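Analysis of the macromolecular model
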Amino acid sequence: MQQDMIVVIDLGSEENSLVARDIRALGVYSEIHPHDLTADQLAALPNVRGFVLNGGPNHIVDGEKIDISEAIATAGLPCLTIEHTGKLPCDVEKLPTDEATRRQILSDFVLGTCKAAQNWNMENFINDQVELIRRQVGDRKVLLALSGGVDSSVVAALLIKAIGKQLTCVHVNHGLLRKGEPEQVVNVFGKELGANLVYVDATDRFLDKLADVEDPEQKRKIIGAEFIRVFEEEARKLDGIDFLAQGTIYPDIVESGTKTAKVVKSHHNVGGLPDDLKFELVEPLKMLFKDEVRACGSALGLPDNMVYRQPFPGPGLGVRCLGAITRDRLEALRESDAILREEFAKAGLAGKVWQYFTVVPDIRSVGVRNNARSFEWPCIIRAVNTVDAMTASVERLDWALMEHITNRITNEVKGINRVLVDITPKPVGTIEWE
Ligand code: XMP
């Protein structure tokens, strides 16, 4: 990779990612690195043209004020110092919160002072990665758990481009996917992109394990553990796999690897695989932010509804079919969710609302249908907006649209005779119900 790079030094600011993204938006590559970067680590980074030293509220760790390492201070590269008064006696600027001014300051520094070349774009990224993947993998084989989510789909597309049939994708359908999802994975990857795809319909296996299990945590545990078991069984059937590809993205690395963050989240992708399955990892998206992952997927020709899809939890519909899952109620959930998604798309809300779905609780109420008494489940609509999923606000839905959706769901979905809307923000409710 030959592109110029600006290094954002992590001094505990919560804005590091924002700064790195703003720099990348200028077409200049940027990475975040710890404040105690050694001379060797710095020498290993290609084409560093400057540093952004961004101080912040977490710059005191274990009672000590953290400062940049000698290697950074003596590198002789331009530094933009924002709210940090450490080794370098530079001008201390406060990074303005308004976007336009912040971008202007960064642009003046990156393009003016550092004279960094603007060669960070998806085409170059994809070409670089294809080259790096080929170099890493050689003529060996790679395995990928392809869920159909954005990250694993983009990894699959990139690896297919780089190594074609040396990649085997395993798609485990746990029976808790949304309507049309397993079919789309088979169509896009198995047919259009010609991938080596192992499709496992494990619906019965999962639903049998989940029968009569009411506790949400227990349900999640069963789904997670069973997923690993099925994937492991498939992996053992394959010969001579040396690598496991993962859809790790940059926020996973920044959030788990920082030395200054107060809350360190641990991220697992295919966590918990047994020790005797020994793989080297291939993680080609590990330097991309989410929006860049989507851009990469689009550049590789993946369909918009795959690349721009809303977040979907690993346990899938399992956490929305409340209490003990039954097949008929799961089907009602899947159908109502499909109607909601279709109507949101028609109303132009699909790219606008962050996450929206239906929930079907394990209760029934009395109604009238065809002049006769009905005794059926309600369906709950949840539509929320958020930046980081830690807090969320509720989308104010149009009343006429809700009436229309209610009409469709109660008429078209077997077993639903009422529609409710959840208007609870997070906190106090979580986004999911279980
Ligand atoms: P909560 O319900 O905690 O959800 O407010 C926050 C966001 O995380 C998603 N979510 C999950 N994602 N595995 C995932 O990959 C999970 O087990 C899981 N549980 C919740 C949820 O859909 C929301 O976007």
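Above: the structure in question.
All of the points below concern the structure found in this document. (Residues numbered from 1 in each chain as written. Predicted model: local features only at pLDDT ≥ 70, side-chain atom pairs only at ≥ 80, totals over all residues. Heavy atoms only, no water.)

Next up on the list: the sheet that holds strand β1 (residues 5-10). Read across the sheet, four strands follow the order β2-β1-β3-β6 without closing on themselves; strand pairing throughout is parallel. With partners counted over all chains shown, the strands left at the sheet margins are β2 (29-34) and β6 (79-82), one partner each. Here the strands of the sheet are splayed against their neighbours by 20 degrees on average, with no regard to which way each runs. Examined bridge by bridge, β1 and β2 share six bridges and lie parallel to one another. Counted as the bridge partner of Val7 is Glu31 from β2. (Pairing = 2+ DSSP bridges. Helix = DSSP H or I, 4+ residues; strand = E, 2+ residues; numbered from the N terminus. Axes fitted to C-alpha atoms, helices over the stretch in contact; angles between N-to-C directions.)

Okay, empty space enclosed by the protein next. Inspection of every chain in the model, using the stated rule, returns one cavity of 30 Å³ or more. One number sums up the size of the largest cavity: a volume of about 40 Å³. Every residue along the wall of the largest cavity is listed here: Ser147, Gly148, His171, Glu181, Gln184, Val185, Met306 and Arg309. Take the lining of the largest cavity: its biggest share by element is three residues, from helix α7 (residues 181-192). A class-by-class count of the residues in the lining of the largest cavity yields two nonpolar, four polar and two charged. (1 Å grid on protein atoms, 1.4 Å probe; cavity = no way out; pocket = protein on both sides within 12 Å on 5 of 7 lines; lining within 4 Å. Points joined across faces, edges and corners; volume = space filled by probe spheres on them. Nonpolar A, V, L, I, M, F, W, Y, C, P; charged D, E, K, R; others polar.)

Before going further, it helps to spend a moment on the side chain of Arg178. Along the polypeptide, Arg178 turns up in the loop between β8 (167-173) and α7. Classification of Arg178 by relative accessible area gives buried; the value is 4%. In this structure the side chain of Arg178 is engaged in a polar contact, spanning 2.7 Å, whose partner is the side chain of Glu181. (Buried < 20%, exposed > 50% of the residue type's maximum accessible area, 1.4 Å probe, protein only. Polar contact = N/O pair within 3.5 Å; in protein donor to acceptor, adjacent residues only side chain to side chain.)

Considering all chains together, one arrives at 32 salt bridges under this definition. The salt bridge involving Asp22 is made with Arg102; its shortest N-O contact spans 2.7 Å. Of the two residues, Asp22 sits in helix α1 (residues 16-25) while Arg102 sits in helix α4 (residues 99-113), which places them 80 residues apart along the sequence. With a closest N to O distance of 3.4 Å, Arg334 and Glu331 form a salt bridge. Of the two residues, Arg334 and Glu331 are both situated in helix α13 (residues 327-346); the distance of three residues between them amounts to about one turn of the helix. Among the ionic contacts, a cluster of salt bridges with common partners joins Arg205, Lys209, Glu226, Arg229 and Glu233. (Salt bridge = Lys/Arg side-chain N within 4 Å of Asp/Glu carboxyl O.)

What links the strands of a sheet is backbone hydrogen bonding, and the strands pair in either a parallel or an antiparallel sense. In spatial order, the strands read β9-β8-β7-β10-β11; together these five strands make up an open sheet with parallel pairing. For this open sheet the edge positions go to β9 (196-201) and β11 (280-282), each flanked by a neighbour on one side alone. With direction set aside, neighbouring strand axes in the sheet form an average angle of 30 degrees. Pairing between β8 and β9: six bridges, direction parallel. In the strand pairing of β9, Cys169 is matched with Leu197. Packing of helix α5 (residues 122-137) onto the sheet brings it into contact with β7 (141-145), β10 (241-245) and β11, and relative to β11 it is tilted by some 165 degrees. (Contact = heavy atoms within 4.5 Å.)

For the pair α1 and α4, the least separation of the axes is 10 Å and the interaxial angle reads 65 degrees. Viewed along their axes, α1 and α4 form a crossing whose handedness is right-handed. The residues of α4 that touch α1, namely those facing Leu18, Val19, Asp22 and Ile23, are Arg102, Arg103, Leu106 and Val110. The residue inventory of the contact of α1 with α4, partitioned by class, reads five nonpolar, no polar and three charged. (Left-handed = near helix turned anticlockwise from the far one by under 90°.)

For a regular strand, side chains alternate in direction, first toward one face of the sheet and then toward the other. Most of β7 sits out of view: four of its five residues are buried. The pairing of β7 with β10 spans four bridges and is parallel. The partner of Val142 across the bridge, within β10, is Phe243. Inspection of the sheet shows β7 paired to β8 by four bridges, in the parallel sense. Of the residues in β8, the one forming a bridge with Leu143 is Thr168.

Time to look at the site of the ligand. Around the ligand, a shell composed of Arg220, Pro313, Gly314, Pro315, Trp354, Gln355, Ala389, Lys426, Thr430, Ile431 and Glu432 is seen. Relative to its free-state accessible area of 500 Å², the ligand is covered by the protein chains to the extent of 68%. A class-by-class count of the residues in the shell around the ligand yields five nonpolar, three polar and three charged. (Near = heavy atom within 4 Å. Areas by Shrake-Rupley, 256 points an atom, 1.4 Å probe, with all protein chains shown as cover.)

The next thing to look at is the environment of Ile405. Within the fold, Ile405 resides in helix α14 (residues 399-412). In sequence terms Ile405 and Phe344 are 61 residues apart; their C-alpha atoms lie 9.3 Å from each other. Aside from chain neighbours lying at most four places away, what touches Ile405 is Leu340, Glu343, Phe344 and Ile381.

Here we take up the packing of aromatic side chains. Counted according to the given criterion, the structure contains four aromatic pairs. Between the aromatic rings of Tyr29 and Trp120, the centroid separation amounts to 4.7 Å while the plane-to-plane angle is 40 degrees, which identifies the pairing as tilted. Remark: Trp120 occurs in the loop between α4 and α5 and Tyr29 occurs in strand β2; sequence separation between them is 91 residues. Between Trp120 and Phe125, the ring centres sit 5.7 Å apart and the planes meet at 75 degrees, which makes this aromatic pair edge-to-face. (Phe/Tyr/Trp six-rings, centres within 6.5 Å; stacked < 30°, edge-to-face > 60°.)

Of note, the bond from Lys426 into Pro427 is cis; its omega dihedral lies within 30 degrees of zero at -20 degrees. Here Pro427 lies in the segment after β16 (416-421). Positioned with a positive phi, Asn370 is a non-glycine residue whose angle comes to about 50 degrees. Note that Asn370 resides in the loop between β13 (365-369) and β14 (372-385). Its relative accessible area of 72% is what places Asn370 among the exposed residues. The phi dihedral of Asn371 is positive, around 60 degrees, even though this residue is not glycine. In this structure Asn371 comes out as exposed when scored by relative accessible area, which is 81%.

Shape is all these values report; function is a separate question.
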